[in-house]
Amino acid sequence: MSQTTQAPSEIKQQLRRVMGFLGCAAVLHRDRAGPRWIAAAARNGQSSISLWILAAVLFFVPTAFVVVELSTRFPEEGGLYVWTKIAFGDFHGFVAGWTYWTYTIFYFPGCCLRAQP
C-alpha cells in the first residue's frame with residue numbers, strides 16, 4: 001500500500017519520534033536566550049558572557065537531561081501533562097497542562113514584541 005492511500009493513523013505510527021540531548025538543549029537555549037536578549041548582553045559587555053555560561057551549565061544542560069529521560073521513559077504524546085499525570089494523578093496533570101497552555105498564550109506574543117524607541 002503506498003503512502004498516499006494509507007490512513008493518517010498508519011502514517012503517524014511510522015514516524016520516528018526522537019529528540020536527543022543536543023536537540024533538546026538547542027530548543028531550550030533558543031527559547032530562553034533568543035534574539036531578544038542579544039542586545040541586552042551586548043550592552044552589558046563581556047561580563048554577561050560568564051552569566052550565559054553559568055545559565056547554560058546550571059539550567060539548560062540539567063533541563064535537557066530531564067526532558068530527554070522523561071521523553072524516553074514515557075513516549076506518549078503530551079509531554080509535561082503526561083509526566084505529571086502519571087506521577088501525581090489526573091487533577092495535577094490537568095493543572096500542569098492548563099498552566100502550560102495559558103503560559104504560551106502570553107509568552108509567544110511577547111517574544112515577537114519589540115521595544116518602541
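For the structure, check the block above.
Asker: Is there a simple way to think about helix α4 (residues 47-73) in this case?
Answerer: The α-helix winds at 3.6 residues per turn, so residues separated by three or four positions along the chain end up facing the same way. Under the 1.5 Å per step criterion, the end-to-end length of α4 is 39 Å for 27 residues, consistent within 8% with the ideal 39 Å. The largest bend in α4 is about 40°, located at A56. Within α4, the full set of buried residues consists of S48, F60, A64 and V68.

Asker: Looking at this model, I keep getting lost on the pattern of salt bridges. Mind explaining?
Answerer: Side-chain pairing between opposite charges can occur once the charged atoms of the two side chains come close. Scanning the entire structure with this criterion turns up 2 salt bridges. Among the salt bridges present, the one from E69 reaches R73, with a minimum N-O distance of 2.7 Å. You can see E69 and its partner R73 sitting in helix α4, 4 residues apart, about one turn around the helix. Its salt-bridge partner being D90, residue K85 comes within 3.9 Å of it at the nearest N-O pair. Take K85: its relative accessible area is 34%, and that puts it in the partly exposed class. For D90, a relative accessible area of 55% puts it in the exposed group.

About the thresholds
- Residues numbered from 1 in each chain as written.
- Predicted model: local features only at pLDDT ≥ 70, side-chain atom pairs only at ≥ 80, totals over all residues.
- Heavy atoms only, no water.
- Helix = DSSP H or I, 4+ residues; strand = E, 2+ residues; numbered from the N terminus.
- Expected span 1.5 Å × (residues − 1).
- Bend = angle between axes of the 7 residues up to and from the residue.
- Buried < 20%, exposed > 50% of the residue type's maximum accessible area, 1.4 Å probe, protein only.
- Salt bridge = Lys/Arg side-chain N within 4 Å of Asp/Glu carboxyl O.

Just geometry here; none of it tells us what the structure is for.
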